[in-house]
Amino acid sequence: MTTAFVPLDTSAVALGADAVAAALANAGVAVVRNGSRGLAWAEPLVEIAEDGSRLAFRNVHAAQVPDILAARGAHPRCLGEVAAVEALRRQTRVVFQRCGEDDPLVLPKVTALKAWLGEDPNALLAEIEASGLRGRGGAGFPAHIKWRAVAATEAETKYLVCNADEGDSGTFADRILLEGDPHLLIEGMALAAIATGAERGFVYLRSEYPVAKDLFQRALDAAYADGVLGDDIMGSGRVFHLELFVGAGAYICGEETSLLDSLEGKRGEIRAKPPLPAHRGLFGQPTLVHNVISFASVPAILKNGGDWYAALGVGASTGTMPFQLAGNIERGGLVEVPFGITLGDLVLGYGGGTRSGRPIRTVQIGGPLGAYLTPDEFDTPLTYEAMAERGAGIGHGGVVVFDDTVDMAEQARYAFAFCEVESCGKCTPCRIGSVRGKETMDAVLAARKAGDNTEGKLAIVEDLCEVMESASLCQMGGMTPIPVVSALRRFPEDFGRDAPG
Amino acid sequence: MEPGDSARAIALRNKDRVGGVLRALREIVLAHGHVSRDQEHVVADVFNLSHAEIRGVVSFYHDLKTTPQPPVEVRVCQAEACQAVGGRELTARVEALLGLRLGEANDSVVLSAVYCLGLCAQGPAMMVNGRPLARADERDLRAEMPP
């Protein structure tokens, strides 16, 4: 019996995986649509299982299917046994351990939930605290503080909200998990519900992820059918209802308070903090808001223990982080490793340098609000603390590589332009500052082209950045200066200033 | 939802749901291609809100179109990861091919910007009528477009 695994993941489908699956089926092979292993550079990554062997084939095109079936391990696209593929074997898969193994909906629905159903919520909270888990959405806030705040706040109703509005360029970990192992997220949320006393939850998903939407809804239906969700979770008498909510195209709804307003059906405008969502969130009730990866880290922590998790990583950056290598990169994709890997090992060791073959000039970390760093900084360990020292952050783990053809003044202009398009408009520094910033960068670009002095214009840009950083209501306006200022400091020659040194 | 469902039927079935207004507006756009001024009034009526409140929601979200849309939607990613692998150049070539600038439409196609499709390791990325395309070029577009 031969079985072929062809990912249903968007990253495979966007390169013809559906046609590959059809060709394999036509050849009489049983086809399973699995999630992605995260090796985006190899998609469609087809696995052919037979007699205990499971061979991986990279970048498979439908027309190659007959040759691959005939040649098997001798085919030039064969990477060998999937379990031995170096790019996977070197990783420390915790959250993404099962992703890609099988049809996402046949993966086990629960691994830790049964054992914790009868436990005192304080025992769960203690494990989360011991794990040192920090929010994976970007801010890196200690999870247990939020969990305890929601658990301790007296209220008629408490909510869980999963932020799956993954809008940062260079990130796709949430999407791969939702498409490849949705039950892990459901279980993580059910465990958080027990710990905090919430009985109702929502997953807020961006509309740009149609495959994730369909698959996650099917997973929810299956979880209800199996009693993992509902009025009596696995016969324990505990209640937890979980629902999918799809956004309508707004980057700002990835900000937690904006997301809550959107979930209430309103314009997704920022709320002033405090009050924090943990005290007054959805409909004014205590609400635990976490990113997909934060919730999906919970089952492994509660199965293996908080201390086990805390032993991974470095210092206060505990556990693993699914980094996402993107942009101009030879081997882009998902790399889940403990915190502390250096930027260089990630980009060169795992990523193999640029796809174009040209030298790397800059790497942007943490999405559109993240800093541009240089190859001189490749020895920086990826921890929250070491990145903060460089004026940078890890964000949601996106790492976007650019070669030496990049124009950093154009990138700075883009940071403002993106903020103009996506600002919610509630506060002036972000709403107006982004427009003025873009206009001023246009003037800088024009002056540079004409060979004129740009200093006067750059002084305005720097001034604007200071105002946006200190006076914006949320991180959209507050962090847009980070890519601008990091580009200006590290690449002044692109802005018509003298090169450093 | 069915293509023929009236705005009122859609609004009514979302009336008591969390986020009902936004759910209803999304469903109306999915069923009818856009949300008209009259349909905004219907939603306002069902949810017992002012028309201004509904208008405010509609104007906030990129997906909530207020005019009839052509049959083909081409979205080209403008975000950093695609910029790093020729996204700006791809955009220019698609604009030339379609004879449209980003944000413009003709009777058969609308060309729009999208900021990230989650295909950041395989850019530049496009989406044609909901179908994702990675390592895309304008030849893919020709293949995807109806004759």
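Residues numbered from 1 in each chain as written. Chains lettered and ligands numbered in written order. Predicted model: local features only at pLDDT ≥ 70, side-chain atom pairs only at ≥ 80, totals over all residues. Heavy atoms only, no water.

## Digging into the overall build of chain A
Along chain A, the regular secondary structure elements total 20 helices and 16 strands. The dimensions of chain A, computed from C-alpha atoms along their principal axes, are 70 × 65 × 40 Å. Considering chain A as a whole, with its 501 residues, one finds that 61% of them fall into the buried category. A separation threshold of at least 6 residues defines the contact pool for chain A, and within that pool the share at least 24 residues apart is 69%. Roughly 17500 Å² of accessible area belongs to chain A as shown, and the carbon and sulfur atoms make up 50% of that amount. Placing the 45 positive and 64 negative side-chain charges of chain A at their respective mean positions leaves the two points 2 Å apart. (Helix = DSSP H or I, 4+ residues; strand = E, 2+ residues; numbered from the N terminus. Buried < 20%, exposed > 50% of the residue type's maximum accessible area, 1.4 Å probe, protein only. Contact = heavy atoms within 4.5 Å. Areas by Shrake-Rupley, 256 points an atom, 1.4 Å probe, with all protein chains shown as cover. Lys, Arg positive; Asp, Glu negative; His and termini not counted. Charge placed at Lys NZ, Arg CZ, Asp CG, Glu CD.)

## Quick look at the sheet that holds strand β16 (residues 398-403) of chain A
Residue and element names in this part refer to chain A. Here we have five strands laid out as an open sheet, ordered β13-β12-β16-β14-β15, and mixed in their pairing. The open sheet is flanked by β13 (333-338) and β15 (372-373), the only strands paired with a single partner. Of the pairings in the sheet, the one linking strand β12 (residues 320-327) to β13 comprises six bridges and is antiparallel in character. Looking across to β13, one finds that Thr320 is bridged to Pro338. (Pairing = 2+ DSSP bridges.)

## Comments concerning helix α9 (residues 182-196) of chain A
Residue and element names in this part refer to chain A. Helix length check: α9, at 15 residues, gives a terminal C-alpha distance of 21 Å against a target of 21 Å (1.5 Å per residue), a fit within 8%. The buried count for α9 comes to 15 of 15 residues, which makes it a mostly enclosed element. Taken from the residues just after α9, Gly197 is the one with a positive phi, measuring 85°. (Expected span 1.5 Å × (residues − 1).)

## Some details on the pairing of strand β2 (residues 109-114) of chain B
Residues and elements named next belong to chain B. Taken across its six residues, β2 has five buried, putting it largely inside the fold. As judged from the six bridges shared by strand β1 (residues 72-77) and β2, these two strands associate in the parallel manner. Counterpart to Val76 in the pairing with β2 is Ala113.

## Here's the deal with helix α6 (residues 121-131) of chain A
All names here are of chain A. Listed as buried for α6 are Leu124, Leu125, Ile128 and Ser131. One face of α6 carries all of its buried residues, which in axial projection span an arc of 120°. Those residues of α6 that are buried are in contact with α5 (113-116), α7 (143-152), α9, α12 (292-304), α13 (306-310) and β11 (317-318). Its side-chain oxygen 2.8 Å from the backbone nitrogen of Asn122, Asp120 forms the N-cap of α6. Two residues or fewer after α6 comes Gly132, characterised by a positive phi angle close to 75°. (Arc of directions from axis to C-beta. Polar contact = N/O pair within 3.5 Å; in protein donor to acceptor, adjacent residues only side chain to side chain.)

## A short note on the pattern of salt bridges
Side chains that differ in charge, positive against negative, can pair when their charged atoms come close. All names here are of chain A. Tallied over the entire structure, the rule returns 43 salt bridges over all chains. When the shortest N-O distance is used, the salt bridge between Arg134 and Glu385 registers 3.0 Å. On the criterion of sequence distance, the pair formed by Arg134 in the loop between α6 and α7 and Glu385 in helix α15 (residues 384-389) is long-range, its members being 251 residues apart. Looking at Arg134, the relative accessible area reads 17%, which means it is buried. Here Glu420 and Lys438 are joined by a salt bridge, their closest N and O atoms 2.9 Å apart. In this pair, Glu420 sits in helix α16 (residues 408-422) while Lys438 sits in helix α17 (residues 428-450), placing the two residues 18 residues apart along the sequence. (Salt bridge = Lys/Arg side-chain N within 4 Å of Asp/Glu carboxyl O.)

## Digging into the interface of chain B and chain A
Buried accessible area, meaning the area lost when the parts come together, often serves as the stated size of an interface. At the junction of the two partners, chain B supplies 40 residues and chain A supplies 61 residues. Carbon and sulfur atoms supply 56% of the area buried between chain B and chain A, which totals about 3900 Å² over both sides. Linking chain B with chain A are two salt bridges. Among the ionic pairs, Glu243(A) bridges to Arg17(B), the shortest N-O distance being 3.3 Å. At the junction of chain B with chain A, the criterion picks out 27 residue pairs in polar contact (both at pLDDT 80 or more). Tallied by class, residues from the side of chain B that touches chain A come to 22 nonpolar, 10 polar and eight charged. (Buried area = accessible area lost by both parts, 1.4 Å probe. Nonpolar A, V, L, I, M, F, W, Y, C, P; charged D, E, K, R; others polar.)

## Some words on the packing of α7(A) against α9(A)
Residue and element names in this part refer to chain A. One can describe the packing of α7 onto α9 by two numbers: an axis separation of 8 Å at closest approach and a directional angle of 50°. With respect to α9, the axis of α7 lies oblique. Where α7 abuts α9, its residues Trp147, Val150 and Ala151 lie against Ala192, Ala195 and Thr196. (Axes fitted to C-alpha atoms, helices over the stretch in contact; angles between N-to-C directions. Parallel < 35°, antiparallel > 145°, perpendicular 65-115°, else oblique.)

## Details of the pairing of strand β6 (residues 159-164) of chain A
Residue and element names in this part refer to chain A. Counting buried residues in β6 gives six out of six residues, a clear majority hidden from the surface. The pairing of β6 with strand β7 (residues 200-205) spans six bridges and is classified as parallel. Considered in β7, the bridge of Val161 is made with Phe202. Pairing geometry for β6 and strand β9 (residues 287-291), over five bridges, is parallel. Of the residues in β9, the one forming a bridge with Leu160 is Leu288.

## What to know about the packing of helix α2 (residues 20-32) of chain B against helix α4 (residues 51-60) of chain B
Residue and element names in this part refer to chain B. Running from N to C, α2 and α4 point in directions that differ by 60°, and their axes come no closer than 11 Å. Viewed along their axes, α2 and α4 form a crossing whose handedness is right-handed. Contacts between α2 and α4 involve Val21, Leu22 and Leu25 from the first element and Ile54, Val57 and Val58 from the second. Tallied by class, the residues present in the contact of α2 with α4 amount to six nonpolar, no polar and no charged. (Left-handed = near helix turned anticlockwise from the far one by under 90°.)

## As for the sheet that holds β2(B)
Residues and elements named next belong to chain B. If you trace the four strands from one edge of the open sheet to the other, you get β2-β1-β3-β4, paired in mixed fashion. Edge positions in the open sheet fall to β2 and β4 (131-133), since each of these has one partner strand only. Taken over all neighbouring pairs, the strand axes of this sheet differ in orientation by 20° on average, direction set aside. Relative to strand β3 (residues 126-128), β1 runs antiparallel, the two being bridged by three bridges. Among the inter-strand pairings, Val74 is bridged to a residue of β3, identified as Val128. Packing against the sheet, helix α6 (residues 87-98) makes contact with β1, β2 and β3, and its axis sits at approximately 155° to β1.

## Comments concerning the domain arrangement of chain B
The domain architecture assigned to chain B consists of domain 1 (7-60) and domain 2 (72-144). The gap between the C-alpha centroids of domain 1 of chain B and domain 2 of chain B is 30 Å. (Domains from an automatic or database assignment.)

## Quick look at the domain arrangement of chain A
Residues and elements named next belong to chain A. The domain architecture assigned to chain A consists of domain 1 (3-89), domain 2 (113-310), domain 3 (313-403) and domain 4 (408-495). Domain 1 and domain 2 are separated by 33 Å when their C-alpha centres are compared. Opposite the seven residues of domain 1 that make contact, domain 2 presents six residues. The junction of domain 1 with domain 2 conceals about 560 Å² of combined surface from both sides, 59% of it contributed by carbon and sulfur atoms. A per-residue breakdown of the area domain 1 buries against domain 2 is headed by Leu8, Asp9 and Thr10, which together make up 64% of the total.

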